[in-house]
Amino acid sequence: MSFRDVKRGFPDRDTRILACINQKGGVGKSTTVINLSASLSELKKKVLIIDFDPQGNASSGFGIEKEELEHDIYDVVLQDYPIEDIIQSTECKSVYVAPATIQLAGAEIELVSKMSREGCLKRALKPIEGEFDYIIIDCPPSLGLLTINALTAADSLLIPIQCEYYALEGVTKLLESMRMVQKNINPDLEVFGVVLTMFDTRTSLSKQVEEEVRNYFGPKVFKTVIPRNIKIAEAPSYGQPINIYARVSKGALAYGKLAKEVTRRG
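To keep things clear, this report deals only with the structure shown in the data block. (Residues numbered from 1 in each chain as written. Predicted model: local features only at pLDDT ≥ 70, side-chain atom pairs only at ≥ 80, totals over all residues. Heavy atoms only, no water.)

### Thoughts on the pairing of strand 5 (residues 134-138)
Among the 5 residues of strand 5, 5 are classified as buried, and the element is accordingly described as predominantly covered. Bridge count between strand 1 (residues 16-20) and strand 5: 5 bridges; the pairing is parallel. Counted as the bridge partner of L18 is I136 from strand 5. (Buried < 20%, exposed > 50% of the residue type's maximum accessible area, 1.4 Å probe, protein only. Helix = DSSP H or I, 4+ residues; strand = E, 2+ residues; numbered from the N terminus. Pairing = 2+ DSSP bridges.)

### A closer look at the packing of aromatic side chains
Enumeration over the complete set of coordinates arrives at 5 aromatic pairs. Ring centres of Y96 and F132 lie 6.0 Å apart, and the angle between their planes is 70°; this geometry places the pair in the edge-to-face category. You can see Y96 sitting in strand 4 (residues 95-98) and its partner F132 sitting in the loop between helix 6 (120-125) and strand 5, a full 36 residues away along the chain. Ring plane angle 50° and centroid distance 6.5 Å describe the contact between Y165 and Y166, whose orientation is recorded as tilted. By the burial criterion, Y165 is exposed, and Y166 matches it. Note that K46 overlies the ring of F132, its terminal NZ or CZ placed 5.1 Å from the centroid. Of note, R265 hangs over the ring of F222, and the distance from its end group to the ring centre comes to 3.9 Å. (Phe/Tyr/Trp six-rings, centres within 6.5 Å; stacked < 30°, edge-to-face > 60°. Lys NZ or Arg CZ within 6 Å of the ring centre and 35° of its normal.)

### Focus: the nonpolar core
In a soluble, globular protein the nonpolar side chains are often hidden away together inside. Ranked by size, the top nonpolar core spans 56 residues in total, and within it I50, F52 and I73 carry the most contacts. Not counting residues up to four positions away in its chain, the partners in contact with I50 are I73, I83, A98, L121, L125, I135, I136, I137 and D138. C20, V47, A246 and V262 belong to the second largest nonpolar core, which has 31 residues in total. (Core = buried A, V, L, I, M, F, W, Y, C linked by side-chain atoms within 4.5 Å. Contact = heavy atoms within 4.5 Å.)

### Structural notes on the pattern of salt bridges
On inspection of all chains with the given rule, the structure shows 10 salt bridges. Where R16 meets D155, a salt bridge forms, and the shortest distance between an N and an O atom there is 3.3 Å. Of this pair, R16 sits in strand 1 while D155 sits in the loop between helix 7 (145-153) and strand 6 (156-162), placing them 139 residues apart in sequence. Since its relative accessible area comes to 24%, D155 is described here as partly exposed. Of the charged contacts, one joins R117 and E118 as a salt bridge, the two residues approaching to 3.7 Å between their closest N and O atoms. (Salt bridge = Lys/Arg side-chain N within 4 Å of Asp/Glu carboxyl O.)

### Remarks on a positive patch on the surface
A surface patch of positive charge is lined by K223, K257, K260 and R264. Per-element accounting of the positive patch gives the leading share, 3 residues, to helix 12 (residues 250-265). (Patch = residues over 30% accessible without salt bridge, like charges linked within 9 Å, V, L, I, M, F, W, Y side chains within 5 Å. Areas by Shrake-Rupley, 256 points an atom, 1.4 Å probe, with all protein chains shown as cover. Lys, Arg positive; Asp, Glu negative; His and termini not counted. Charge placed at Lys NZ, Arg CZ, Asp CG, Glu CD.)

### Remarks on the environment of L69
Here L69 shows up in the loop between helix 3 (57-60) and helix 4 (73-79). Taking the C-alpha atoms as reference points, L69 and A100, 31 residues apart in sequence, are found 9.2 Å from one another. Residues contacting L69, with those up to four places away along its chain left out, are I64, Q88, P99 and T101.

### Thoughts on the sheet that holds strand 2 (residues 47-51)
Taken in spatial order, the 8 strands line up as 3-4-2-5-1-6-7-8 in an open sheet, and their pairing is mixed. Each edge of the open sheet carries a strand with a single partner, namely strand 3 (88-89) and strand 8 (221-227). Taken together, the 5 bridges between strand 2 and strand 5 define a ladder with parallel strand orientation. Note on strand 5: the bridge partner recorded for L48 is I135.

Here it is, written out as structure tokens:
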């Protein structure tokens, strides 16, 4: 169902735009976008996910058949296609997805020659700001032009960090990119929060990484820690967020707590 079919036309929300970002792959970025959004919907929040990763995991994680899409976020950013016409509803009543397909992989090159290339996504989102409480951008695991577009469009960053070796590897470069965008394009950009993922209570390593990350980021780190949980890993293959696939699992409960922390921060 198209967003136009369900849109109520009351653009009066104070929309927070979060870029979920970490240039390292496998840190639980898309998983966090999917499950945090689903948990926010249970708190009566209306959420739009911008799938900005060519892998399209945030799209398939909600059961969207990417092969059947006529248009996706690539067309919005590169061809000025109306974003309202690609937004898909999901099994979660107030969660919507602007999907991505592998076509987006070519955008990095094509954006180079586009006028005001850093602001393409920001301009595309303008018509729908105020329709959602949260717009969450699932960024690719890189610091290329797609990510720069996300940093330009967002007001703050959500950084997932896995509780494994080299957890902080690359974070310095990420923060340098944030400061560059702050200085030249988006002066209000800030770190909204850091979420620790894949925490294994059986290992001392996870506890050491948690201590290291909390020392580095201080109060920006959420109190809630996302555990390593088999149900979280299984849910995407069923095209469902964890709170639908396994509602009483440790993973579902953790993302529910994280959503409450997010809403308290604004």
